[in-house]
Amino acid sequence: MTAYKDLSKEELLELKSGLEAQFEEVKAKGLKLDMSRGKPSADQLNLSMGMMDTLTSGVDLTCEDGVDCRNYGGLDGIDEAKQLLADMMEVPKDNVIIFGNSSLNVMYDTVARAMTHGIMGSTPWCKLDKVKFLCPVPGYDRHFAITEHFGIEMINVPMTSTGPDMDLVEKLVSSDPAIKGIWCVPKYSNPQGITYSDETVFRFANLKPAAEDFRIFWDNAYCVHHLYEDKQDYLIEILMECKKAGNPDMVYKFSSTSKISFPGSGIAAMAASDANLEDIRSTMRVQTIGHDKVNQLRHVRFFGDIHGIVEHMKKHADILRPKFETVLEVLERELGGLEIGSWIAPRGGYFISFDALDGCAKAIVAKAKEAGVVMTGAGATFPYGKDPHDSNIRIAPSYPTPEELAVAAEVFVLSVKLASVDKILETK
């Protein structure tokens, strides 16, 4: 294929005319397709329906240590659930607290607690003149929404093929005591699917922050979300590395079963140092008597142990893998060699990150919507919704059916071509 930038103005105008004709044909179909969020499909949700049969009115709801899951108590969660999530997160059981159904809610509460009461005796963030967070970009919009909600200033840190730009992270964290945290999705990152390298994790563990209450918010949401059994990324365990580096309290690690069992009814967990967990419990004791132990027990009896989760996730991969490959095949077939976009083929996670020509992302998303395909909003992968290059688009292949996805991908590449031709014509 000839790169669009190498075409003459006349050739581009002729190309545009043909693309516009195709676009009108697509619009006439009245499509209503959604690739906007990483929601599991109905087929994926059906994988966990057996969980609904694990607890019935005739089943004993007593844990192995005698706790009656129907009653009050159990601030940290039941032991069996702590062990299950600890094994999934690769940490000791005693360093885990089980919360409710959403790790995002746990992260929100963690920031809120720091704002109102501080961290381990430090000044509450709300009493400081300025609080800042580092935000690897492109990144997860819901992370950014939390810090924006609390009025925390967000600073972009570019992602590289091995994780965040650690030279910049080290420089900023060590020099500015107002920087209190950094958002991280370290495995199969949202949206690029990048897994942090060993060196990146080592450098995180050895940070020397100017702020004593600086915390790494390590959202390992996709720790078991591989697409391939024979091609899986490996991530070094951050809690142990921080402990070895003499920074045991510097990290909060989050995970959940939201995209393993049911997104609305999973169980979430945080892993952290003993000192961090005791600090968190001091607020939790006021906030709650304990989270949903019946749901925790339901998960434990359905999965059994970490091996049960691994086997379950292979079934998820069998559903997701063809969808990802469909999108990647269309991108390569239709856009390869045109030099109007780039993308990464992830080995896991829930997204494909597409980088268009500068100044084209909003136009592409608008075109796709006009043709009946809803994408994640342009700019969503950056703090404040402001992509400085207007180029990154997050593609979420999980929710549509395979047939819908094939059509949506074709509409997307057509929208990319149209927006790119218009952008290049501006320079001719």
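Now for a quick tour of the structure.

Basis of the calculations
Residues numbered from 1 in each chain as written. Predicted model: local features only at pLDDT ≥ 70, side-chain atom pairs only at ≥ 80, totals over all residues. Heavy atoms only, no water. Helix = DSSP H or I, 4+ residues; strand = E, 2+ residues; numbered from the N terminus. Rg over C-alpha atoms; globule rule 2.2 N^0.38 Å. Buried < 20%, exposed > 50% of the residue type's maximum accessible area, 1.4 Å probe, protein only. Axes fitted to C-alpha atoms, helices over the stretch in contact; angles between N-to-C directions. Parallel < 35°, antiparallel > 145°, perpendicular 65-115°, else oblique. Left-handed = near helix turned anticlockwise from the far one by under 90°. Contact = heavy atoms within 4.5 Å. Salt bridge = Lys/Arg side-chain N within 4 Å of Asp/Glu carboxyl O. Core = buried A, V, L, I, M, F, W, Y, C linked by side-chain atoms within 4.5 Å. Pairing = 2+ DSSP bridges. Lys, Arg positive; Asp, Glu negative; His and termini not counted. Phe/Tyr/Trp six-rings, centres within 6.5 Å; stacked < 30°, edge-to-face > 60°. Lys NZ or Arg CZ within 6 Å of the ring centre and 35° of its normal. Right-handed = clockwise from strand over helix to strand, strands pointing away.

**Topic: the overall build of the protein chain**
Counting secondary structure elements, the protein chain contains 13 helices and 13 strands. Taking 22 Å as the expected radius of gyration for a compact globule of 428 residues, we find that the protein chain reaches 23 Å, a close match to that expectation. Across its three principal axes, the protein chain shows a C-alpha extent of roughly 75 × 55 × 35 Å. Relative to its 428 residues, the protein chain shows a buried fraction of 54%.

**What to know about the packing of helix α3 (residues 79–89) against helix α10 (residues 293–303)**
Axis angle and axis distance: for two packed helices, these are the angle between their axes and the distance between the axes, and together they describe the pair. It is the contact of α3 with α10, at a shortest axis distance of 9 Å, that shows an interaxial angle of 60 degrees. The angle between α3 and α10 falls in the class oblique. Where α3 crosses over α10, the handedness of that crossing is left-handed. In this structure, α3 contributes Glu 80, Ala 81 and Leu 84 to the contact, and α10 contributes Gln 296, His 299, Val 300 and Phe 303.

**Considerations on the pattern of salt bridges**
All chains considered together, the criterion is met by 31 salt bridges. With a closest N to O distance of 4.0 Å, Glu 20 and Lys 16 form a salt bridge. Taken as a pair, Glu 20 and Lys 16 lie in helix α1 (residues 9–27) at a separation of 4 residues, close to a single helical turn. In this structure Glu 20 comes out as partly exposed when scored by relative accessible area, which is 37%. The class of Lys 16 is partly exposed, set by a relative accessible area of 22%. Here Asp 141 makes a salt bridge to Arg 394, at a shortest N to O gap of 3.4 Å.

**Describing the nonpolar core**
In terms of nonpolar packing, the biggest core is built from 55 residues, with Val 169, Phe 204, Phe 214, Ile 216, Trp 218, Ile 238 and Ile 309 touching the most fellow members. The element best represented in this core is α3, accounting for 6 residues. Excluding residues within four positions of it along the chain, Trp 218 makes contact with Cys 184, Pro 186, Tyr 196, Val 201, Phe 204, Leu 235, Ile 238, Val 251, Tyr 252, Lys 253 and Phe 254. Of all hydrophobic cores here, the second largest spans 53 residues; its members include Tyr 4, Tyr 222, Val 416 and Leu 425.

**Brief notes about the sheet that holds strand β11 (residues 352–356)**
Ordered by their spatial adjacency, 3 strands build an open sheet running β10-β11-β13, and the pairing between neighbours is antiparallel. Two strands close off the open sheet at either side, each with one partner strand: β10 (341–343) and β13 (392–395). Averaged over all neighbouring strand pairs, the angle between strand axes comes to 25 degrees, with direction disregarded. Note: β10 against β11, 3 bridges, orientation antiparallel. Looking across to β11, one finds that Ser 342 is bridged to Asp 355.

**Side note on unusual backbone geometry**
Put simply, Val 137 and Pro 138 share a cis peptide bond, and its omega is -5 degrees. Note on placement: Pro 138 falls in the loop between β3 (132–137) and α5 (141–149). We note that Glu 339 has phi near 60 degrees; this positive angle belongs to a residue other than glycine. Following the sequence through the fold, Glu 339 ends up in the loop between α11 (306–335) and β10. Glu 339 gets classed as partly exposed once you look at its relative accessible area, which sits at 49%.

**Description of the side chain of Asp 219**
Along the chain, Asp 219 falls in strand β7 (residues 215–219). One buried charged residue, Asp 219, forms no salt bridge at all, with the nearest opposite charge on Lys 259 at 8.8 Å.

**Considering the packing of aromatic side chains**
Applying the stated rule across the entire model yields 15 aromatic pairs. A centroid spacing of 6.1 Å and a plane angle of 10 degrees characterise the contact between Trp 343 and Phe 354, whose relative ring orientation is stacked. Highlighted residues: Trp 343 in strand β10 and Phe 354 in strand β11, separated in sequence by 11 residues. With a relative accessible area of 0%, Phe 354 lands in the buried category. Site record: aromatic cluster; members linked through ring pairs are Trp 125, Phe 133, Trp 183, Phe 217, Tyr 252 and Phe 254. Here Lys 231 stacks its cationic end above the ring of Tyr 228, 4.2 Å away from the centre of that ring.

**A word on the pairing of β3**
Both faces of the sheet carry side chains from a regular strand, because those side chains alternate between them. In terms of burial, β3 is a largely internal element, 6 of the 6 residues being buried. Bridge count between β3 and strand β4 (residues 153–160): 6 bridges; the pairing is parallel. By the bridge assignment, Pro 136 is partnered in β4 with Val 157. This β-α-β element, β3 to α5 to β4, shows right-handed connectivity.

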